[in-house]
Structure formats: C-alpha cells, structure tokens
Amino acid sequence: MTREPRRVGNLPDEVNRLVGRRSELAQVTRTVRRSRLVTLTGVGGVGKTRLARQAASELQPRFADGAWWVELSPLSDGQALPYAIADALPLADQTNRPMLDVIAEYFTGRDTLLVLDTCEHLVEDCREAVAALLAVAPGLRVLTTSRRPLGFATEEVLALDPLPLAADDAPEADGTEADAVVLLADRAALAVPGFTVTDTNRAGVNALCRRLEGLPLAIELAAARLRELPLSELNRRLADRYAVLGDTSDEDCEAEPPWHQALRTAIGWSHQLCTPAERLVWARLSVFAGSFDATAACRVLADESLPAEQVPGLLAALVQSSVLEWVPTGGGERYRMLDTLREFGAFWLHGLGEQDAVRHRHRRYYQALAHEAEAAWMGPDQITWYERTVVEHANLRVALARCLAEKDGPAALDLGGTLWFFWYGCGFGKEGQHYLEQALALDAPGPLRAKALWSCGMAAFAHGDTGTSLRLAEEFRTSVADDPDETAAVAAAVLEAASLTVLGRQSPVLALLDPVLRGRPAGGRYDAAWFLARMARAFALVHLGRFADAAVDARTGRAECARLGETWVRTYGDYVCALAELGQGRLKEAAAHARTAIDGKQRLHDRTGIAVTTDLLAAATIASGHAERGARILGVADRVWRTVGTPQLGSPDLMAARAASEAQARAAIGDDAYELAFQAGYDTDPDTGIAYALAPHTPDN
C-alpha cells in the first residue's frame, strides 16, 4: 500500500479560493523544484502572497521536513528577522550561539521549503540570512515574495502580472470568463449573495475590471462595495476617482506612496466611501503588527474623538468593505489588515499628526497586558495567558522595538523585564536576551533595571548561555542587596543555582537554595522564583544521587503548584519525580509521572520538554520488561526531537541515557525487532505517537 506523504509545516489556512493563476502556479512550483531561491515579485496588491501560499501548499508533500511560512510584514527591525524565522519553525535551542547559526544548523541535513513573505522592507537583511542558510543547507529551497528581488546572481525572479482581462464584452469562446471577471464575481457573491455575471451586467463587470487593470486587491475592494452601491454607480465613482488621480497637480496624489495607479484608485476610492470615523479607525489600526483583537483596538484607538463603544461596530464595517480581515481563532476573534492597506493607513495617520500618540497608546496597552499576564502566570489561567501572549508576540515585539528606538529606557526595561515568563517559559530566550541587552545598555537605574537584569539572566539560562546568566546573577544580587522585597533574594539564588546545576556543580546549589527555601515569602516582584528554586533543588538532588530527597522536593513544589492551578512549573515537578522514581527502580511510578509531565507539556506546546520526557518514559518502559513498546516510544521521541532540533539537546547525560535505553531494548528483543518497532514509532506523526505513549500499556500495544 502506498503511504500518503506526511504534510509537515505551518502553512496558513486559506479562507478564499485562488482564482485563475494556473499557469503562474505551475511556473512557480516548477521553478522551485529546480532552483534553490525563487522570488515572486510584482506591484502591491497583485496577489504575490496568495500565489506563494498556494504554491507552497502544492509543493509541501515533496519536502520530507516540511514547508514553513514566515510572515515578515510585522517586523520593523531587521535584527528581529532570525527570531521571526525561528518562531515559525519547530525549533528549540539551548546553546549560546547566534540565532541565524542555530537556524542554519536546523536546516542542514533537512529537505525543507522556507517561504519568506513580504521582504521588500528588509531586503538587505533577507539577502544576508538567505545566503547564510543556502550555503550550509543543500536540501533547503527558499521562496520569497517581495516588490523587489533580493539581488542574488542565482536568484530566479518571477514577475507576477495582474489577472487577464476580457478582450471584449463577451465570454471566451469556450464559455468561460476572464480571470479578473471570475474574481470579481466570486468576491461580489460574498457581498451580494446570488451575484453572477449575466448578459445584462457583463459589460459593466468588464468595464470595472479594466478600470482596475485586473489587480486582485483592487478588484476585491471594489467587489465588497457592491453591498451598498449598484454596479453602474461603482463604475461612475471609480471613473471620477481616476480623473482626480490623473491630475498631476493633485497634492494628495503626489504625497501618497508610489503604488500602481489602479490600486491607488481602488484604495483611495474605498477610503472616500468610508465614514470619517471608519477612516480614523483605518489610520489608527496601522500601528498594530500582525493581528489584533477588539479589546486591543478599543484601548489603542479610542480617545475623546473616537469613543471606545463605537470601535467594535467600526471594525465590523471595515471587515464588510474588505479593509480588514476577520480571523477566527481558538483563542477568540481577531482582525488583520493587508500590508498595502496598512501602508495606506499609516500614510493617513502621519498626515493627521497622530502617529506618535497612537503608537504610545499601543505601547502602553501592551505594557499593561504584559503586567496582567505576569500577575496571572502562576495561576489557573496560565495556559490561557500562554496562548494569548504567543498570539500577541508580533505586537509585543514591535512595542519593545519602539521603546528601544525612542531610547525610552524605563519603558524598555519595564516591558522586557515583565516579560521574563515569556522569554523563559514560552521558548523565546534568545530573542528576550537580544532585546533586554539593548534595554540594559540604556542604563536607567532602579527596580526596573533590577527586574530586567533577572529577566535577561533567565532568558540567557533558558538557552544555555550560563556564562551570561551567572554574570547577571551576580550583578542582580548586588542590585537587590538592600531590597526589602524578600522574593528578590530567592530570585537571585535561583538564577545562580540553576546555572550551576547545568554546569554540573551541584554542591553549591544546595548551599544557595537551602536558606531561601526555609519559608515562602508572602509576595513580591519575583513570586514565581520560589517555585523555580524548589525545582532547581530537586534537580540538583537527582544529579547527586539523592533520589528520595529529590522526590520530596519535587512533590512539595508540585503540591503548591496544584493548589494554585498552575501547569508550567508543575510539569517540571512531574519530570523530576519520574527521574527520582526511575533512580530508585520504581518503574511503574516513574512511567506514571512521565505521562503526567508529557500531558502538561503538550498543553504548553513545549516540544523540547515533550521530547526529553518521552525519552524518559521509554527508558522506564524498557526497564519494566516491555522492550518492544519502549523501542516504539523511542522512535516517537526521535520523531519529536527531529521537529525540535539537536537530539537530546547535545547533552552528554541525556545522550548516554538514550543510548543505554536502546542497548537494553536491543539486548531484550534483538536488533531486527528493535529496528522494526523503532521505525513504527518514528513513522507515526508526533501527535499520534504521543497519544500512543500516553495510553496505558495493554497486551495489544
């Protein structure tokens, strides 16, 4: 039986079908197969992104290691490019290396398609990144969309033209309509249910498409207006708008960005049809990066000239006119604006003189959101806040970048320091360190700097930069020496102790942590540190061979976390309990704790934690006499490691434990049976494989 190819990657779901573009789609897919770098160019609104997504979707099964989409439009700073690429990949790194080197290593030896969408504002940075990646990863193909090429000698550039127009006011000889007409009819039917092209309206439809020169975005904007205007009126108003734009003395025309005239016509005319309040919302929404929700829009957009209670209705109106896209997600409804329309909004916001004020409101909103998330992090809503901060990553990033660009040290230190849980707990340690080091260089003294020092140290520790985390631990300890906040001493101890544990220096760890764990502080700026300190001590005890003591510490910490309804630290406790039970030969208990840890780590999408703990579950399973099942779980773990990066994180201890489990399984069932079971686990997609590992063992599995 032929096995259907696995579809690996993160390609966005499509809402509307791709109209036409059959020959262009075939050309893109054909060119990507033969060339390592392909750039799809064309004017704004011509449909580069939509065609690239369709091409990537069709190419995806040909790439064993997936097709990965990176949206660059939310980035304002080229230094953030490597982090944006890493965010899109199933990549976790715990080494002290430049992020671009980590990404290059990830692609090395993999058969992968990388799509970089909207590169024109970061061409130089994209050129450097793509050159570095292609130089070391022969199995990598890169497809980019950009209004201008990256500039490689070996780059294949495909220029995308507008959609074909009808030669006259009759259908084609085979009865089909021109692609531009088909797109207009398709999108018009969304605005006016039942709309079709007939002999009666075909001339008007063709005239509209010709006036908009077959430009897809312009056609979609016009189609949305059929909800409120008849076709004849639509054509008349667009003709009037064209006449205005054709007047070279028109000051607005000269001031607008240099877009294709048809697109300027459609956008400017759509803007004119908006109410004054809708225009204001359109302009102010341009400060958002990526997507946003209605709550954020109300807080950032509203002021004395725009009441907050009006904003939801205005968002709905802009969705109806296709200025905004409505994006339903598992976490609630969100909105996004196409890049070209955001540029238009930014142009008008600048003209209104409101750019700085609205950007500051955006920054203040996301600072407040970060504080709210931190306050709730060690509680029952932790998973919700994890998902919310991850989905708001682009806006948090741009808010922090604006603080740094404005040299606003207190704001940068406050936002970066408050987000310690995001950098450390959500897998963004390298990016956090990158931003926090810039914030600390602004040298604003006080408690905000102390919190940022700790946050930067935890971010550095998260990806294995223990030299930096130890240095910052010492600086932090000095900065809080006279701080009456008792949680600060715990935070200093855990940062230093965790770093020493990784370095294998376990004895000093106990000396650091024992004094601060004698009693839990009532509360302060570093509340989570006590829980982390408890787990760090338990880890150290495992490494010292004091398994029973480690289990006591881990259970104590787990019980406190359970009382709070917390998940993140509790999964560490479950993992340490599994290690301790395994060390004492209590195999059934070790497997049970490992399964509990995996279940919690799945809720937090912690692939590295899942991989480490699945290795541990396999070891317990093999040691308990179920070598064939354990071998299959090892295959599952290896498949997860493959999506993460370096197997066993390159840790000698983890690699030795993995090798010992494999040797034990081979000795029990033989090499052939081991290889068969291992491959069965590896060939299972990760989610199905983890479900198998979590299922109770029965004679049939």
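Residues numbered from 1 in each chain as written. Predicted model: local features only at pLDDT ≥ 70, side-chain atom pairs only at ≥ 80, totals over all residues. Heavy atoms only, no water.

1. Concerning the layout of surface pockets
Quick reminder of the rule: Only protein atoms enter the 1 Å grid used here, on which a cavity is any set of points holding a 1.4 Å probe that cannot leave and a pocket is any open set flanked by protein within 12 Å on both sides along at least five of seven lines; residues with an atom within 4 Å of a point are listed as lining. Grid points are joined across faces, edges and corners, and a volume is the space filled by probe spheres set on the points. Helix and strand assignments follow DSSP, with helices taken as H or I runs no shorter than four residues and strands as E runs no shorter than two, numbered in order from the N terminus. Classification used: nonpolar for Ala, Val, Leu, Ile, Met, Phe, Trp, Tyr, Cys and Pro, charged for Asp, Glu, Lys and Arg, polar for all others including Gly.
Estimates place the volume of the second largest pocket at around 470 Å³. What lines the second largest pocket is a set of 20 residues, and nearest its centre among them are S73, L75, S76, S286 and R342. Taken together, the elements giving at least two residues each to the lining of the second largest pocket come down to α15 (339-352), α16 (355-376) and α18 (393-405). For the lining of the second largest pocket, the element with the most residues is α15, which contributes five residues. Here the lining of the second largest pocket is composed, by residue class, of eight nonpolar, six polar and six charged.

2. Focus on the packing of aromatic side chains
The criterion, for reference: In summary, the pairing rule links any two rings of Phe, Tyr or Trp, Trp by its six-membered ring, whose centres are within 6.5 Å, and it sorts them by plane angle into stacked for under 30 degrees, edge-to-face for over 60 and tilted for everything else. Classification of residues uses two cut-offs on accessible area relative to the type maximum, computed with a 1.4 Å probe and protein chains only: under 20% is buried, over 50% is exposed, and between them is partly exposed.
This model, assessed by the stated rule, comprises 24 aromatic pairs. Measuring from ring centre to ring centre gives 4.6 Å for F288 and F292, while their planes differ by 25 degrees; the resulting arrangement is stacked. Note on F288: relative accessible area 2%, which makes it buried. Judged by relative accessible area, F292 falls into the buried class, the value being 1%.

3. A look at the packing of α18 against helix α21 (residues 429-441)
To keep it simple, the criterion reads: Only the contacting stretch of a helix is used when fitting its axis, a line to C-alpha atoms as for every element, and angles between N-to-C directions run 0 to 180 degrees. Here the angle decides the label: under 35 degrees means roughly parallel, over 145 means roughly antiparallel, 65 to 115 means roughly perpendicular, and every other value means oblique. Working rule for handedness: look at the near helix, and if it is turned counterclockwise from the far one by less than a right angle, call the crossing left-handed; if clockwise, right-handed. Residues count as neighbours in contact if any of their non-hydrogen atoms are within 4.5 Å of one another.
Contact geometry of α18 with α21 gives a least axis separation of 10 Å together with a crossing angle of 20 degrees. Compared by their axis directions, α18 and α21 come out roughly parallel. Judged by the sense of rotation from one axis to the other, the crossing of α18 with α21 is left-handed. Together, H393, R397, L400 and L404 of α18 and E431, Y435, Q438 and A439 of α21 make up the contact between the two elements.

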